[in-house]
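For reference, the chains in residue letters:
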Amino acid sequence: MSELHLLSTQQLITGLQDKKFSSLELTEHYIKRIDALDSKINSFITHTSETARAQAQAADEMRAQGDKRPLLGVPMAHKDIFCTQGVLTTCGSKMLHNFISPYDATIVTNIDKAGMISLGKLNMDEFAMGSDNESSHYGAVHNPWNLAHVPGGSSGGSAAAVAAGFVPVATGSDTGGSIRQPASFCGLTGIKPTYGRVSRFGMIAYASSLDQAGSMGRSAMDCAYLLQPMIGHDTRDATSIKHDMPNYVQDLNEAAASAGDKPFAGLRIGVAKEYFSKGLDAEVEQAARAALKKYEELGATIVEVTITDPEITLATYYMLAPAEASSNLSRFDGVRFGYRCENPTDLLDLYTRSRSEGFGPEVQRRILTGTYALSAGYFDAYYTKAQKVRRLIVKDFEDAFANCDVIASPTAPTAAYKLGEDLDSATLYLGDVYTIGVNLAGLPALSQPVGLTSNGLPIGLQLIGQYWQESKLLSTAHLFQQHTDHHLQHSTIAKETV
Ligand code: GLN
């Protein structure tokens, strides 16, 4: 029982079905670990241990009565960007330090309906703006592989909690890499689905045309399990799209069952030199190339493709994302909910001080940049121009996909850097160089672990797919994981028993 947290989601499901352990025992196991070890990691902002225990007990009773939902009684946790009814929902900000959401996000409802048990709300960069989880009002998160390093961000709490063995899977959100980059830094698999695949209702908006929720776990199969209840059309999100409803777990099992010793025969993996550009760490490059070689050995063909210069993509993203953020974040004004300054003298003072005291420096920086880009005199020069470049980025991806099935790249140019390095914004933004194009195009993409640096920090490989092809992406990672063991390595904290 001391190693329950090292089991895969599939093993947890089988264990529950075979009555090797109950959901309550499993839930207690994770709660015990969180209570003993999260003081080192700081991955949770809010614990919901009591409701989790009650839910687990109910799940055990339902199972005894013949309830066959596969995820019934399996624990998880949510990034604190998702509204949870009756539970504190902070989005990592002082602005929402007292916000008890009156409703659930659609994905929260759906995961709940699948019978999963939520252990709480996970730390994140403030309003999902960041790549190191250091902008959270609730303190930095430590990487479970090496506590002196960042876990990545913005879904840093989600990544750290899974990597530490506090939950088997967690939700995340990805506007420019926030699922894939922390997955890469923490040795996990994490998938950002096609834009429109998962409802954004109740997910606090950062940049609405880029935001997409997804799942994080140790393996592609773990991600498939959690992603399944998240997907589907939602009339409460105008950008949610009606599409076929794949069964990811079944698709992955079928792909594995029909795979011979060359499981990737016929698969064309696009590799772009733009994704192996200057600034790429040598060890990261080596691990990414070694993984590609493994894909080739297993039957895949590598083809050269061209995508937009990532520096152009970076500039486009850091124009559009702040522009949308400046508009979305105008709702936080101290009037109806969230932080309000003390003793405002008049309405303007209430707005000004509530916003200056409630938002941290990175959020303020983005609101200022975004507002500037949208202002009357500069709108065409900045915002309109960036929208035009965005269209060209989409076109470049379309052209690349004419010659390949998936595109591979390092997920981030480096492994996890040290906490407190106090990198300036421009350097931090450069870390998003390989992930943001995917969001601008609305494509699905995942990150999977492909090795460790010489000082033991995880390295991730990104796989980008064509629209709606999450199954293809997940099975491309799943079959790789059937032949390799990078995803089976455990962080220092995961190896600790309590
Ligand atoms: N690091 C990127 C940013 O700060 C991406 C964040 C995200 O995907 N939420 O905008």
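Refer to the preceding data block for the structure.
Read on for a plain summary of the structure. (Residues numbered from 1 in each chain as written. Predicted model: local features only at pLDDT ≥ 70, side-chain atom pairs only at ≥ 80, totals over all residues. Heavy atoms only, no water.)

1. Let's talk about the site of the ligand
Part 1: Neighbouring the ligand are 15 residues; Thr175, Gly176, Ser178, Tyr206 and Tyr317 lie closest to it.
Part 2: Contacts to the ligand include Tyr206, whose side-chain N or O atom sits 2.7 Å from an oxygen atom.
Part 3: Between a nitrogen atom of the ligand and a side-chain N or O atom of Asp432, the distance comes to 2.9 Å.
Part 4: If the ligand stood free it would expose 290 Å²; the protein chains cover 99% of that surface. (Near = heavy atom within 4 Å. Polar contact = N/O pair within 3.5 Å; in protein donor to acceptor, adjacent residues only side chain to side chain. Areas by Shrake-Rupley, 256 points an atom, 1.4 Å probe, with all protein chains shown as cover.)

2. Re the pattern of salt bridges
Part 1: Following the criterion strictly, the structure yields 20 salt bridges and no others.
Part 2: A salt bridge links Asp80 to Lys121; the nearest nitrogen and oxygen atoms lie 2.8 Å apart. Here Lys121 lies in strand 3 (residues 117-122) and Asp80 lies in the loop between strand 2 (75-79) and helix 4 (106-113), a separation of 41 residues in the sequence.
Part 3: The exposure class assigned to Asp80 is buried, which follows from its relative accessible area of 0%.
Part 4: Glu398 serves as the salt-bridge partner of Arg391, at 4.0 Å between the closest nitrogen and oxygen.
Part 5: Where salt bridges share partners, they join Glu28, Glu50 and Arg53 into one cluster. (Salt bridge = Lys/Arg side-chain N within 4 Å of Asp/Glu carboxyl O. Helix = DSSP H or I, 4+ residues; strand = E, 2+ residues; numbered from the N terminus. Buried < 20%, exposed > 50% of the residue type's maximum accessible area, 1.4 Å probe, protein only.)

3. A look at the pairing of strand 9 (residues 406-410)
Part 1: When you tally the buried positions in strand 9, you get five out of five residues, the bulk of the element.
Part 2: Alignment of strand 7 (residues 268-272) against strand 9, held across three bridges, turns out to be parallel. Across the sheet, Ile269 pairs through a bridge with Val406, a residue of strand 9.
Part 3: Here strand 9 pairs with strand 11 (residues 458-464) via four bridges, running antiparallel. (Pairing = 2+ DSSP bridges.)

4. Things to note about a negative patch on the surface
Part 1: On the surface, a cluster of negative charge is contributed by Glu134, Glu421, Asp422 and Asp424.
Part 2: Summarising the element assignment, Asp424 is placed in the loop between strand 9 and helix 14 (425-430).
Part 3: The partly exposed category is assigned to Asp424, whose relative accessible area is 44%. (Patch = residues over 30% accessible without salt bridge, like charges linked within 9 Å, V, L, I, M, F, W, Y side chains within 5 Å. Lys, Arg positive; Asp, Glu negative; His and termini not counted. Charge placed at Lys NZ, Arg CZ, Asp CG, Glu CD.)

5. Examining unusual backbone geometry
Part 1: For the bond from Gly153 to Ser154, the omega torsion is 10°, close enough to zero to count as cis.
Part 2: Of note, Ser154 is situated in the loop between strand 3 and helix 5 (156-163).
Part 3: Positive phi values are uncommon outside glycine, yet Cys91 reaches one of about 55°.
Part 4: Within the secondary structure layout, Cys91 lies in the loop between strand 2 and helix 4.
Part 5: Here Trp468, not a glycine, exhibits a phi torsion of approximately 70°, which is positive.
Part 6: For Trp468, the location among the structural elements is in the loop between strand 11 and helix 16 (470-483).

6. Focus: the packing of helix 10 (residues 310-328) against helix 12 (residues 361-374)
Part 1: It is at 7 Å that the axes of helix 10 and helix 12 come closest, and there the two elements cross at 100°. The angle between helix 10 and helix 12 places the two elements in the roughly perpendicular class. Residues Tyr318, Met319, Pro322, Ala323 and Ser326 of helix 10 form the contact with helix 12, whose participating residues are Arg366, Ile367, Thr369, Gly370, Thr371, Ala373 and Leu374.
Part 2: Within the contact of helix 10 with helix 12, the residues separate by chemical class into seven nonpolar, four polar and one charged. (Axes fitted to C-alpha atoms, helices over the stretch in contact; angles between N-to-C directions. Parallel < 35°, antiparallel > 145°, perpendicular 65-115°, else oblique. Contact = heavy atoms within 4.5 Å. Nonpolar A, V, L, I, M, F, W, Y, C, P; charged D, E, K, R; others polar.)

7. A closer look at the environment of Asp211
Part 1: Inspection of the secondary structure puts Asp211 in the loop between strand 5 (189-192) and strand 6 (212-217).
Part 2: With residues up to four places along the chain from it excluded, the contact list for Asp211 reads Asp174, Thr175, Tyr195, Arg200, Met203, Ala205 and Tyr206.
Part 3: Here Thr175 takes part through its side chain, which lies 2.6 Å from a polar atom of the side chain of Asp211.

8. Overview of the nonpolar core
Note on soluble globular proteins: their nonpolar side chains tend to be buried together.
Part 1: Within the largest apolar cluster, 152 residues are counted, with the highest numbers of intra-cluster contacts made by Phe127, Phe397 and Leu474.
Part 2: Those residues in contact with Leu474, other than ones at most four positions away along the chain, are Ile191, Ala220, Cys223, Ala224, Leu227, Tyr248, Leu252 and Leu446. (Core = buried A, V, L, I, M, F, W, Y, C linked by side-chain atoms within 4.5 Å.)

9. Some words on helix 8 (residues 248-258)
Part 1: The complete set of buried residues in helix 8 reads Tyr248, Val249, Leu252 and Ala255. In a view along the axis of helix 8, the buried residues occupy a sector of 130°, so they form one face of it. Exposed residues pointing more than 90 degrees away from the buried face of helix 8 are listed as Ala257 and Ser258.
Part 2: Close packing links the buried residues of helix 8 with helix 7 (220-230) and helix 16. (Arc of directions from axis to C-beta.)

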